[in-house]
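# Tertiary structure, described
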Amino acid sequence: MTTLEVSVHERIAEIAPEVWDACACPEVADGGRPRDPFTTHRFLQALEDSRSVGGRSGWQPRHLSVQLDGATIAVAPLYAKSHSQGEYIFDWSWANAWERAGGSYYPKLQIAVPFTPVTGRRFLCRPGHEMAGRSAILQAAVKIAADNELSSVHVTFCTGEEAEAGEAMGLLPRASQQYHWEDKGYGSFDGFLEALSSRKRKTIRKERAEAQGFGGEIVALTGAGIEPRHWDAMWRFYQDTGARKWGSPYLTRAFFDLAAERLADDCLLFLALRNGRPVAGAWNFWGRDTLFGRYWGATEHIPMMHFELCYYQAIDWALAHGLTRVEAGAQGEHKIARGYRPVMCHSLHWIGDERFRAAIADFLDREREAVGEEIEVLTALGPFRREAHIEQD
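Residues numbered from 1 in each chain as written. Predicted model: local features only at pLDDT ≥ 70, side-chain atom pairs only at ≥ 80, totals over all residues. Heavy atoms only, no water.

### A few points about the pattern of salt bridges
Inclusion rule: Within this document, salt bridges are pairs made up of a side-chain nitrogen of Lys or Arg and a carboxyl oxygen of Asp or Glu, the two lying within 4 Å of each other. Secondary structure elements are taken from DSSP: a helix is a run of H or I of four residues or more, a strand is a run of E of two residues or more, and numbering for both begins at the N terminus. The buried label applies to any residue whose accessible area, calculated with a 1.4 Å probe on protein chains only, is under 20% of its type's maximum; exposed applies above 50%, and partly exposed to all values in between.
All chains considered together, the criterion is met by 22 salt bridges. Here Arg35 ties to Glu27 by a salt bridge, and the two come within 3.0 Å at their closest N and O atoms. Ionic pairing is found between Asp257 and Arg253, a salt bridge with its closest N-O pair at 2.9 Å. Taken as a pair, Asp257 and Arg253 lie in helix α9 (residues 253-263) at a separation of four residues, close to a single helical turn. A relative accessible area of 44% places Asp257 in the partly exposed class.

Printed below as a string of structure tokens:
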């Protein structure tokens, strides 16, 4: 008789890295990169060790592990949340409605990667144990919420397959959108430009020329090539951008030090240097077939440099290194004109109160239809030549 048990962990360090990663990124067994670095033990532990999560951050780790006859077959990054910041799947209106009705929306449970709007597996199962692992994780998260009278459980930026499985298990599916670039066999950046309309092609070439003429050089750095001074510069850029966008940056300075120590091979920096000094930069993470744009900043305004470092350099790098996708972060319709297409993202939600659940379900049905229509419209408005657009679709 087999025995299935679920454990809750207040620190990811309670789970051995090799045990966690055997579930989170089994594909590295062949010596390659993980599909994305964000659910690896090293990334999540760097968040905890740097105090970017835990403490007073409002993200309290409650990670789950599932054991079958004593062997771990699944894990999940679970957090108790006291707010809705750093999630990018917005539920503030839900929280306000819940509070107005006299309830307490917080704390809630979140299966997610903090501060990281990147689609990836959230039910991290060893190959062959997906069905049992997903079911055990979801049942455990819902039971924790119900036993503690918490309002809800949320699974954000899960895969489409996970969204279907979660819906079959009774969770509410939600649709949102981002803008991703995909290689359609372009071969080079010029090949990509040839797929665009003449006007858009000329605009991008003009933008790149203006950015690259700033009076310095643009470099791409990864691994040991990223020096302490480069990390210092990225911290300054991050602080400036974070203060303007979020009010208070999510990551601590210690996270940058730990990234240099533990995550450098997962990272790729594009830096604009003038006289050897970084004046602008973009921080990317490097997955198996995708480049993930995460943070950008600058110490001075340089026309078109944001587009150059965050979008065009990323496409160039992807094409040169055999990557098939660039995900440049959340939101931003301006990405469409630069070859990034709207794609659907998925999340799952369990709502404890039956009446509130019914209202949320109705809202999500209408929202999902609207998102699908918007994606269709925005795709048609993209910069690609009509014939190229038809061939690619």
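### Observations concerning the sheet that holds strand β1 (residues 4-9)
Let me state the cut-off plainly: By this definition, two strands are paired if DSSP reports at least two bridges between them. Residue contacts are defined here by distance: any two heavy atoms, one from each residue, within 4.5 Å place the two residues in contact. Axis angles are defined between N-to-C directions and span 0 to 180 degrees, where every axis is a line fitted to C-alpha atoms and, for a helix, only to the segment in contact.
On the basis of which strands lie adjacent, the open sheet formed by four strands has the order β1-β3-β4-β7 and antiparallel pairing. On the outer flanks of this sheet lie β1 and β7 (124-125), each paired with one strand and no other. Where strand β3 (residues 63-68) and strand β4 (residues 71-76) come together, five bridges link them in antiparallel fashion. Across the sheet, Gln67 pairs through a bridge with Thr72, a residue of β4. Contacting β3, β4 and β7, helix α1 (residues 17-24) crosses the sheet at an angle of about 70° to β4. The strands that helix α4 (residues 130-147) touches are β1, β3, β4 and β7; relative to β3, the one it contacts most, it runs at about 135°.

### Details of the environment of Arg262
Counted only if it meets this: Contacts described as polar in this section are N or O atom pairs within 3.5 Å, which, within protein, must combine one atom able to donate a hydrogen with one able to accept it, while residues neighboring in sequence count only if both atoms come from side chains.
Checked against the element boundaries, Arg262 lands in helix α9. In this view, Arg262 contacts Arg42, Gln45, Ala46 and Asp49; residues no more than four positions away in its chain are not counted. Polar contacts involving the side chain of Arg262 include one to the side chain of Asp49, which spans 2.9 Å.

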